[in-house]
Structure formats: structure tokens, C-alpha cells
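Now for the letters of each chain:
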Amino acid sequence: MGAPGPEGAAGVPPAIEIRGLVKDFAVGLRGLRLRAVDHVSLTVRPGEVFGLLGPNGSGKSTTIKLLLGLLEPTAGGCAIFGVPSGRVEARRDVGYLPEAPNFYRFLTGRELVTFYGRLCGLAGSGLRSKLEEVVALVGLAGAADRRVGTYSKGMLQRIGLAQALVHDPRLLILDEPTAGVDPVGSAEMAELILALKARGKTVLITSHLLGQIEELCDRVAILDRGGLVAEGEVAELAGATGRLSFETEVLPPEEIAALRAWLESRGRRLEAVAPARRRLEEVFRTHVGRGPRDTEGGR
Amino acid sequence: MNAVRFSALRAWLIAGNTLREASRQRFFQFLLLLALALTLGARWLRDFNFGAPELKFLADCGFGAMAFLGAALTIAATAQLFFSEVENRTALTLLAKPVWRAEFVLGKLLGVAALSAVFCALLTGLLSLTLAWREAELSRLLPDAVAPGGGVSHAMVALGGLMQWLRLLVLAAFTLLVATFAQSQLFSVVTGFLILVVCHLQHLAQDAYARAGSAAGLIASSLISSVFPDFQVFQLADSLAAADLPATGDVLRVIVYALSYAAAAAGLAVVSFRRREI
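The rules behind these values
Residues numbered from 1 in each chain as written. Chains lettered and ligands numbered in written order. Predicted model: local features only at pLDDT ≥ 70, side-chain atom pairs only at ≥ 80, totals over all residues. Core = buried A, V, L, I, M, F, W, Y, C linked by C-beta atoms within 7 Å. Buried ≥ 20, exposed ≤ 12 C-beta atoms within 10 Å, placed from the backbone. Helix = DSSP H or I, 4+ residues; strand = E, 2+ residues; numbered from the N terminus. Contact = placed C-beta atoms within 7 Å. Pairing = 2+ DSSP bridges. Nonpolar A, V, L, I, M, F, W, Y, C, P; charged D, E, K, R; others polar.

1. Side note on the nonpolar core
Here is step 1 of the chain: Membership of the largest hydrophobic core comes to 155 residues, with the highest contact counts inside it found for A:Ala162, B:Leu109, B:Leu169, B:Ala173, B:Leu176 and B:Ala266.
Here is step 2 of the chain: Tallying contributions element by element places helix α6 (residues 154–181) of chain B first for this core, with 17 residues.
Here is step 3 of the chain: Among residues more than four places away in sequence, those in contact with B:Leu169 are B:Ala113, B:Ser116, B:Ala258 and B:Ala262.

This is the structure in C-alpha cells:
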């Protein structure tokens, strides 16, 4: 199948359209081929947060690179807002944060974002105001004049997000934006993504933190061994199980027994009674949440 | 939808960043300091002049440092600055912006060209100062030894510096071409040095084959000489006397020769990098 058509079903081009995408890599001298992406087709609608999930090696990052035109597909194609990915024009409306981002260590945060902004055609007061806006948005205003080489992992992710946002793209592609980031940083990243969604941005995100994906995404696709194995609304895929759970204050054993007897008298069964526990992440965030994060120590 | 056209400004931005990165690397700073020290210290090595006049010996030392250490700097910088973008994955973020791959490749080449220009300019300036200083000293000590109007031509020294830079520019373009398809930095560096040797020695091979009358050898050497530039062409400033200054036409011919080879190698590098998977 060739590259997708320029327009979606409703006449508005989808933010991302992938059709029959295949990517093979040659392995070794004998020309053996490893299929990294296997006939993947999916559509991301403008304004939604879309999660691309899958274990390591499932083809998520390769799909993203194909989408950005950094790799050439073996077959099929993809388009961003109707523009085929291989064209430079397709990247004008995209901000990309790679997995475990690495930036020019000799530049300060401000110089780095300025560099990427100028590459995207920004200049003068427009660039300056956009720079201040995105640096403040990601919470790095106080550290923007420090060398990137002194930044912690969380700060690198945030300056990465700032460079992805500097030209105000309609689509953001975030590859494992919370990998290696502590739970507080991870929660802040989630808040940022929701704020971006509220501004009308489309977000494609990959992550191993399924709980976070569930909170953030409207729809998800699951890849395994290069192929698409599930796709749909989060509520649809991870929705009701046909079962019910209650939460109440601690009850004495005789009241639990009475509850069990009451249910049994109606032909039901009380299957589990367990003390509710706080999640470790909650405990961590309660103790470690510490106000403005741009004073965070560097490496 | 408006097309994104090739932009020289984006290539310059990438070049500026490349130069900035290079100027912060200790290895390149060390090579520059070593070359400066050799140029300045040649005065104290004049006992090893093998019979050459002293000022000529000083100039040969300066240009020798520029040629040898400049080639090492250019080859290492081209390979290192290109592969650091790929290996550190900064190229991913950069090429995910609306940037043409040609802009990236040309930006890298211009960055290295600027680095070698700074290197050659600093060394040429220092060499000129050293020669002027020693010439003044010799005129004072041995007034008869330096004939009026027969001293050092600084225009000739500047021309020598320009020729060295043109040679390094061509070398950078060829090394970059190799880097765009090579899988390792080491391969690019080794191949860069091989290219340097071929470019320097091809005229000797041609002479040898011509003397031997070997048709196969002549065909092979002709092929090599049409693919690789002959670095002997850049030996325009072999003397320090103003009277030996080459004609402007000859200088322009060498500049066009160097730029043509650099442009051809850069063009091939762009084609090669277009299909490279990042």
C-alpha cells in the first residue's frame, strides 16, 4: 500500500495517518532481514492524546522514526496532517522529544532552545517571547542559563520538551518522556501533557508507565513484535470488567461477616476483603514534592 | 501548503554550532597549541635547517605544522563532529525539525571549514610575526645579509596560509563524504588519512608509471588523479620573495580547482546522507 491520502474520512486531515507500514532492517552480511514494523495502520485524530504501547523491541520507536522521516519505510506510508512523512514540510508542525534525549552539552538551556527555534524559522522578538514562554512552561526559567551538561535527567526531559514546543507545533511526539525520571518529575510531565492537550495540541506518547498512559490518553494502540495487536479508546480497552469494588472505613470482623451473609442471602458472594493501602508513588510524591523544580541539582 | 526551501541560514546555524562544539574540545585546542608552539619555537630549531636559509627554514616549519597538524585536526574534527551527532542522537532532534539533510551536511562541512580557517589564520599570523621579528633581528645583526627589497613577502606568507586552508577544505569534504556512509568514526579517520596520502603522492605515481612506460599503470593513475585532487597544486607559495608571487590568474585557478573538488565531494556526501537511516 502506498502513502496515505491527504484527507481523512471527515475531510479534515488526521494528525497522523499510518497505512500498511512495514520496516525491515538488514541484519548481518548475508542480508537477513529483521521486520521491526509489520503492516501497522492507525490514525490519530487532531486534539487527542494517543498512547503507543508495547514492550521493548515492539517497534514503537521505529514507527516514530518512520513518522518523522528519519527512516524510510519498506512498504506502506504515513502522513502528518496530510503531508507524507518523507517530506520536510511534514515536520514543520511536529515537536519531537526523543527517548533519553541528549543535547549539545556546551549550550545553556536558553541557547539550546534558541538554536532549535531559529532552525524552525523563528527570529527576533517572536523567538524571544516564545523562548521565555516555553522555558517557563516546562519549569526551567531559573536554570535556563546553566549549561545543558549540568542538567539532571528530569531537566533534560523538560528542556527537550521546551525545544519540541518552541515553534508551537500542532503535533507533539513524545518517546518515553518519563523514562528515568523520578515520580514527581513524571507527574509534572503528565500535568504538562494535559495542559498541552487543553491548548488543543495533539500528542502521541509512548511509555512503559501504563498507569500514567491510562490517565493521560484518549486512545491507545498496542504493538507487539512490530504488529498492531490492539487499538481503541482507553475507556473501551481498560473499562468496566462487570465487577464491583467498595471502599469504606475499617469494619470489625462481625460487620464483615454480616455483610457477607447479607450478600449470600441475595445469591451473591463477597470475594475479597483487604485493607486499602496507599500507593508507594503517592507516599513518595507526598514527601518529595518540593515546589519549583528548576532549582534541582545537576549531575 | 508552502514548501520548505533549502535555507543557507539553517546551514550557517548548524555550522556555527559545529564550530562552537569543536572549539570546546580539548583535543583540538591541544593541536592548535602544538602548532602554534612549533611555529614559534622553530627559531630554536634552526640548527636543523639542512642548509636552507634561516627565514625559509622558519617558514617551512610554520607551513609544515599547518599542513601536518591541520590535516590531523581537519580529519579528526570532520569525523568526530559528524559521528557525535549520530552517536549522541542529537541528529535525531535536529533532523526532526524542518531541516533538509543537505543543510545538515553542508552545515557540518562549513563548521569544519571555519575551524580550519581559524587554525590557518592564527598560524599564518603568528608565522608572519615570527618572520618579521627574525628578519628585523637579522637586518640589525647582519645588514649585508638581507638585500633591500629581498626580504620576506608577507603577501606570500598569507597566500601560503590560504593554500593550506584550501587543501584542508578539500580534505574535510572528502572525509565528510566517507563519514556519511561509514559505520564507524575510526573508519572515517583512517580513510581520511589514506585520501590525504593519495592526494599528496599521486603525482609521484604518475611520474613513475610514465617513466616505466606501463600502460595499465598510467590508466590506473589517470583514474585516481581524476577522482582525487592533486595536493601539489597548492604549492604556489614555495618562496618568500615578493618577486615569486604567482599571477592572480594562477591563484584563482587553484581556488576554483579546490572549490570544485570540495563542492563535488560535498554534493556526493549530501546524496549519500539522504538515504542514511538515523
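Past the structure itself, the notes keep going.
2. Observations concerning the sheet that holds strand β5 (residues 83–84) of chain A
All names here are of chain A.
Here is step 1 of the chain: Taken together, four strands build an open sheet; the order of strands is β2-β1-β4-β5 and the sheet is antiparallel. A single partner strand is all that each edge strand has here, and the edge strands are β2 (32–44) and β5.
Here is step 2 of the chain: As defined by bridge partners, strand β4 (residues 75–80) adjoins β5 across two bridges and the pair is classed as antiparallel. Its bridge partner lying in β5, Ile80 is registered against Val83.

3. What about the interface of chain A and chain B?
One frequent convention defines the size of an interface as the accessible area lost when the parts assemble.
Here is step 1 of the chain: Taken residue by residue, the interface counts 23 residues in chain A and 23 residues in chain B.
Here is step 2 of the chain: Of all the elements, helix α2 (residues 109–119) of chain A adds the most residues to the side of chain A that touches chain B, at four residues.
Here is step 3 of the chain: Here the side of chain A that touches chain B is built from residues that sort into 16 nonpolar, two polar and five charged.

4. Side note on the pairing of strand β9 (residues 219–224) of chain A
Residues and elements named next belong to chain A.
Here is step 1 of the chain: Pairing analysis gives four bridges linking strand β3 (residues 49–53) to β9, with the strands arranged parallel. The residue of β9 that forms the bridge with Gly51 is Val220.
Here is step 2 of the chain: Bridge count between β9 and strand β10 (residues 227–233): six bridges; the pairing is antiparallel. If you follow Arg219 over to β10, its bridge partner there is Glu233.
Here is step 3 of the chain: Counting the residues between successive antiparallel strands, the hairpin from β9 to β10 contains two residues, one of them, Arg225, with a positive phi of roughly 50°.

5. Some thoughts on the environment of A:Asp38
Residues and elements named next belong to chain A.
Here is step 1 of the chain: By secondary structure assignment, the location of Asp38 is in strand β2.
Here is step 2 of the chain: Using a count of 18 C-beta atoms within 10 Å as the deciding quantity, one classes Asp38 as partly exposed.
Here is step 3 of the chain: For Asp38 and Leu70, which are 32 residues apart along the polypeptide, the C-alpha to C-alpha distance reads 18 Å.
Here is step 4 of the chain: Every residue in contact with Asp38, bar those within four places of it in the chain, is listed here: Val22, Gly226 and Gly227.

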